[in-house]
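# Observations on chain architecture
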Amino acid sequence: MKITPTLNFGGACREAIQLYAKAFGGEIACLITYREANDPAYMPLLTEAQKDYIYHAELLLDGQRIIMSDHADLALQVCYTNFLTIVYDTKEEVQRAYSLMKEGSTTIYPMEATPYSSCRVVFVDRFGIRWGIMTEQTER
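Thresholds, definitions, all that
- Note on numbering: residues in each chain are counted from 1, in written sequence order.
- Only residues with pLDDT of 70 or above have their local features reported here, since the model is predicted, and side-chain atom pairs are shown and tallied only from 80 upward, although totals for entire chains, interfaces and linings are computed over all residues.
- Side-chain numbers here rest on the full set of heavy atoms in the structure, without hydrogens or water.
- In summary, the pairing rule links any two rings of Phe, Tyr or Trp, Trp by its six-membered ring, whose centres are within 6.5 Å, and it sorts them by plane angle into stacked for under 30 degrees, edge-to-face for over 60 and tilted for everything else.
- A helix here means a DSSP run of H or I that spans at least four residues, while a strand means a run of E at least two residues long, and both kinds are numbered starting from the N terminus.
- Exposure categories follow from relative accessible area, calculated using a 1.4 Å probe and restricted to protein chains: below 20% of the type maximum is buried, above 50% is exposed, and the middle band is partly exposed.
- Over a ring means this: the NZ of a Lys or the CZ of an Arg is within 6 Å of the ring centre and within 35 degrees of the ring normal.
- For this text, the term disulfide refers to a pair of cysteine sulfurs within 2.5 Å.
- Any helix carries an expected span of 1.5 Å times its number of residues minus one.
- Any two residues having at least one pair of non-hydrogen atoms within 4.5 Å are treated as being in contact.
- Whether two strands pair comes down to DSSP finding at least two bridges between them.
- Note on geometry: axes are lines fitted to C-alpha atoms, helical ones only across the stretch in contact, with angles between N-to-C directions running from 0 to 180 degrees.
- Identification of polar contacts relies on pairs of N or O atoms within 3.5 Å, with a donor-acceptor requirement for protein atoms, meaning one able to donate a hydrogen and the other able to accept it, and with residues adjacent in sequence counted only if both atoms are side-chain atoms.

In this section: the packing of aromatic side chains. Ring pairs (aromatic) are described by centroid distance and by the angle formed between their planes. Counted according to the given criterion, the structure contains 10 aromatic pairs. With a centroid separation of 5.1 Å and 40° between ring planes, the pair formed by Phe24 and Trp131 is classed as tilted. In this pair, Phe24 sits in helix H1 (residues 13-24) while Trp131 sits in strand E8 (residues 130-135), placing the two residues 107 residues apart along the sequence. Residue classification places Trp131 among the buried positions, given a relative accessible area of 0%. Look at Tyr34 and Tyr42: their rings are 5.5 Å apart centre to centre, the planes differ by 70°, and that puts the pair in the edge-to-face class. By relative accessible area, which is 26% here, Tyr42 ends up partly exposed. What links up through ring pairs into an aromatic cluster is the set Phe9, Tyr20, Phe24, Phe127 and Trp131. Sitting over the face of the ring of Phe83, Arg130 holds its NZ or CZ atom 4.2 Å from the ring centroid.

Structure follows, in structure tokens:
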């Protein structure tokens, strides 16, 4: 069994997956629009603009898959209780990723050392996704 995180957006999935791939050194493995999928369950419900939203996308981060999509039928809501944590070896890697992600974000916990991490930051990005970026080591 595998648990695969799935992130939903309200029309910004393409922009988000490109940012996440750049910030975390990932690979976009799949990117299908509603128009390309031509799913008969959705097509009659979509506006012309929504047909270019992302129906299904996959981002690979160090061999781990995150599924992403745009949901045209649900209003986007920010969830503060669930989030993804990216763990790096060094604080320089944390700082680099956060510098790419921080524009338009809301900081929950500023970048700082903690008893379990030499560098940790927690924030909600401009797409409404909550992230934790950290090291596990306290000595790096």
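Let's pick the thread back up.
Further remarks concern the state of the cysteines. Covalent bonding between the sulfur atoms of two cysteines defines a disulfide. Throughout the structure, instances matching the rule amount to zero disulfides. In this model Cys30 remains outside any disulfide bridge; the closest cysteine sulfur is found in Cys13, 10 Å from its own.

Structural remark: α-helix, 3.6 residues per turn; residues separated by three or four positions point the same way. Compared with the 16 Å implied by 1.5 Å per residue over 12 residues, the 16 Å span of H1 between its first and last C-alpha is a close match. For H1, the set of buried residues is Cys13, Ala16, Ile17, Leu19, Tyr20, Ala21, Ala23 and Phe24. Just downstream of H1 lies Gly25, where phi reads positive at about 65°.

With that out of the way, let us pick up the environment of Tyr80. Inspection of the secondary structure puts Tyr80 in the loop between strand E4 (64-70) and strand E5 (84-88). As a C-alpha pair, Tyr80 and Gly128 span 48 residues in sequence and 8.9 Å in three-dimensional space. Leaving out residues up to four positions away in the same chain, Tyr80 has contacts with Ile108, Val124 and Arg130.

The strand order E5-E8-E7-E6 describes an open sheet built from four strands, whose pairing is mixed. Lying at the two open borders of the sheet, with one neighbouring strand each, are E5 and strand E6 (106-114). Strand-to-strand twist across the sheet, computed as the mean angle between neighbouring axes with direction ignored, equals 10°. Looking at chain direction, E6 and strand E7 (residues 117-124) are connected through five bridges and run antiparallel. Considered in E7, the bridge of Thr106 is made with Val124. Running over the sheet, helix H3 (residues 91-101) touches E5, E6, E7 and E8 and is turned about 15° from E7.

Moving on to the side chain of Thr135. Structurally, Thr135 can be placed in strand E8. With relative accessibility at 0%, the residue Thr135 sits in the buried group. Within polar-contact distance, the side chain of Thr135 engages the backbone oxygen of Gln137 at 3.1 Å. When near neighbours in sequence (up to four residues on either side) are disregarded, Thr135 contacts Val87, Tyr88, Asp89, Thr90, Lys91, Val94, Tyr116, Ser117, Ser118 and Cys119.

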